[in-house]
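The primary structure of each chain is shown beneath.
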Amino acid sequence: MMKPSQPYQPLLLRILHGFTGICLILAILTAFWTYNTYDGRWGQVPLPEYKEIEGIHGTFGLYTLLIFPAFVHYAFQRGQRRLVQPDSFTKLVQVGQPIWWYTLNRFTNTLALLALTFALFSGKMMDETWLPKGDLDHIWYYGHLISWVVMVAVIALHLLMNARIGGTPLLLSMWNPKFRAKDTPQLWPKNVLIGWQKTRRRSWLKKFYALAELPQLELAILGTLFLAWAISLLKEFALAG
Ligand code: HEM
Ligand code: HEM
């Protein structure tokens, strides 16, 4: 049994946040090794030169890109309370009060979603032949490098904020594998079925309205990810044709 005073995170959040987080951290580490092997203009560390690391990084980047839309949808729906609220800006004047820290935490959570969107988009704009050829001056390569710095800074801020508002128990609650009975995955197939049947009964027009009712920022993020796939597929077709 868990003590009721301990922070508790919904299981679905822990799964989506956990997979996104792990794939992202592996992408960040392998990204550094790729930079170290092929570039090194802003400093290098004595890691072995390992050419295959580029493909490994691409794979972890791709995993992050695949899981991220589900996490985004969760965060804007069931996790809405932990993102920026319409009144968040007015709360920012209460400097130093607990609400101020909670508000800053919500800003950082939202910023993490935006930073990752940029990292994934710029990654999709990369060409795997640039670095092996020594072509280090592409605009999207610089964008992708900047996205790494931004992402590392935002994760550090995210950890600091969560440590400030809830300390180690809150940080660990996100990685705790125990879950409550009402959170059991055994209920998920039934919930998915109910949701699916509800959507199926809706007319196309209502489906369209439901899409338009998503928060604007969620639509913008999902739209950007969709665009990243579309552009990179178009480029592939253009090269093949
Ligand atoms: C590396 C270790 C990480 C730890 C220990 C951690 C910890 C946490 C904790 C404790 C919360 C819940 C805060 C609360 O209850 O108010 C949270 C939420 C969140 N985290 Fe992380 N996090 C990590 C990595 C990441 C990464 C890499 C991202 C990048 C996208 C991220 C994005 C988010 C977002 C968007 C939320 C809000 C979720 C919601 O709307 O429900 N986290 N994190
Ligand atoms: C937060 C940091 C980063 C994330 C989340 C990320 C993510 C991604 C993603 C999603 C792709 C596309 C993969 C695909 O469609 O197959 C990609 C490709 C690539 N990234 Fe990153 N990346 C990051 C940082 C970096 C950095 C700092 C470098 C510097 C060397 C880098 C080098 C590359 C290269 C060369 C590719 C093309 C290789 C390929 O597609 O296999 N990335 N990245």
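Use the structure listed above.
Only a predicted model underlies this, so the values are computations on that prediction, with no experimental measurement involved.

Colleague: Is there a simple way to think about the coordination of the iron atom of ligand 2 in this case?
Modeller: When four donors bind a metal tetrahedrally, each ideal donor-metal-donor angle is 109.5 degrees, and when six bind octahedrally, the ideal angles are 90 or 180 degrees. Bound to the iron atom of ligand 2 on the protein side are H57 (NE2) and H144 (NE2), at distances that span 2.0 Å. Taken together, the six donor atoms coordinating the iron atom of ligand 2 and their angles of 83 to 179° define a geometry best described as octahedral. With H57 in helix α2 (residues 53–76) and H144 in helix α6 (residues 139–173), this residue pair connects regions lying 87 residues apart in the sequence.

Colleague: Which parts of the structure should I look at to understand the coordination of the iron atom of ligand 1?
Modeller: Every protein donor of the iron atom of ligand 1 is listed here as H17 (NE2) and H158 (NE2), and their distances to the metal cover 2.0 Å. Around the iron atom of ligand 1 sit six donor atoms; with metal-centred angles ranging over 86 to 179°, the donor geometry is octahedral. A residue pair is termed long-range when its members are at least 10 positions apart, and H17 in helix α1 (residues 11–38) and H158 in helix α6 qualify at 141 residues. The exposure class of H158 is buried, given its relative accessible area of 18%.

Colleague: Would you mind showing me how to read the packing of aromatic side chains here?
Modeller: For any pair of aromatic rings, geometry is given as the distance between the ring centres together with the angle between the planes. The full count for this structure, using the stated rule, is eleven aromatic pairs. Geometrically, the ring pair formed by F32 and Y35 is tilted, given 5.9 Å between the ring centres and 45° between the ring planes. With a gap of three residues between them, F32 and Y35 both fall in helix α1, about one helical turn apart. When the centroid spacing of 6.1 Å and the interplanar angle of 80° are considered together, the rings of F60 and Y63 count as edge-to-face. Highlighted residues: F60 and Y63, both in helix α2, separated by three residues, approximately one helical turn. Note on Y63: relative accessible area 42%, which makes it partly exposed. In textbook terms, an aromatic cluster arises when at least three aromatic residues are bridged by ring pairs, as seen for F32, Y35, W42, Y141, Y142 and W148.

Colleague: Would you take a moment to explain the site of ligand 1 for this structure?
Modeller: Within the structure, ligand 1 sits among 21 residues, and H17, G79, R82, H158 and W175 are positioned closest to it. Measuring from a nitrogen atom of ligand 1, one finds a side-chain N or O atom of H17 at 2.8 Å. Between a nitrogen atom of ligand 1 and a side-chain N or O atom of H158, the distance comes to 2.8 Å. Listing elements by their share of the shell around ligand 1, those giving two or more residues are α1, α2, α4 (98–124) and α6. For the shell around ligand 1, the leading source of residues is α6, giving six residues.

Colleague: When you look at a nonpolar patch on the surface in this model, what are you seeing that I'm missing?
Modeller: A cluster of nonpolar residues, I22, I25, L26, L29 and W175, forms a patch on the protein surface that exposes about 480 Å² of accessible area. For L26, the position within the fold is in helix α1. Given a relative accessible area of 33%, L26 falls into the partly exposed group.

Colleague: In this structure, what is going on with the site of ligand 2? I would like to understand it.
Modeller: Lining the immediate environment of ligand 2, one finds 22 residues, of which A31, E54, H57, K124 and H144 sit closest. Contacts to ligand 2 include K124, whose side-chain N or O atom sits 2.6 Å from an oxygen atom. Within the side chain of H144, an N or O atom sits 2.7 Å from a nitrogen atom of ligand 2. The cavity where ligand 2 resides is the largest pocket. Counting residues per element, the ones that place at least two in the shell around ligand 2 are α1, α2, α4 and α6. By residue class, the composition of the shell around ligand 2 is 13 nonpolar, six polar and three charged.

Colleague: I tried to follow the packing of α4 against helix α9 (residues 216–240) on my own but got confused; where do I start?
Modeller: For any two helices packed against each other, the geometry comes down to the angle between their axes and how far apart the axes lie. It is the contact of α4 with α9, at a shortest axis distance of 9 Å, that shows an interaxial angle of 10°. With respect to α9, the element α4 is oriented roughly parallel. Seen from α4, the contacting residues are T110, L113, L114, T117, L120, F121 and K124; seen from α9, they are L217, I221, T224, L225, L227, A228, W229, I231, S232 and K235. When grouped by side-chain class, the residues that make up the contact of α4 with α9 number eleven nonpolar, four polar and two charged.

Reading guide: rules and limits
Residues numbered from 1 in each chain as written. Chains lettered and ligands numbered in written order. Predicted model: local features only at pLDDT ≥ 70, side-chain atom pairs only at ≥ 80, totals over all residues. Heavy atoms only, no water. Donors = N, O, S within 2.8 Å, 3.2 Å for Na, K, Ca; no water. Tetrahedral: all angles 85-135°; square planar, octahedral: opposite > 155°, others 65-115°. Helix = DSSP H or I, 4+ residues; strand = E, 2+ residues; numbered from the N terminus. Buried < 20%, exposed > 50% of the residue type's maximum accessible area, 1.4 Å probe, protein only. Phe/Tyr/Trp six-rings, centres within 6.5 Å; stacked < 30°, edge-to-face > 60°. Near = heavy atom within 4 Å. Polar contact = N/O pair within 3.5 Å; in protein donor to acceptor, adjacent residues only side chain to side chain. Patch = residues over 30% accessible without salt bridge, like charges linked within 9 Å, V, L, I, M, F, W, Y side chains within 5 Å. Areas by Shrake-Rupley, 256 points an atom, 1.4 Å probe, with all protein chains shown as cover. Salt bridge = Lys/Arg side-chain N within 4 Å of Asp/Glu carboxyl O. 1 Å grid on protein atoms, 1.4 Å probe; cavity = no way out; pocket = protein on both sides within 12 Å on 5 of 7 lines; lining within 4 Å. Sits in = over half its atoms within 2 Å of the grid points. Nonpolar A, V, L, I, M, F, W, Y, C, P; charged D, E, K, R; others polar. Axes fitted to C-alpha atoms, helices over the stretch in contact; angles between N-to-C directions. Parallel < 35°, antiparallel > 145°, perpendicular 65-115°, else oblique. Contact = heavy atoms within 4.5 Å.

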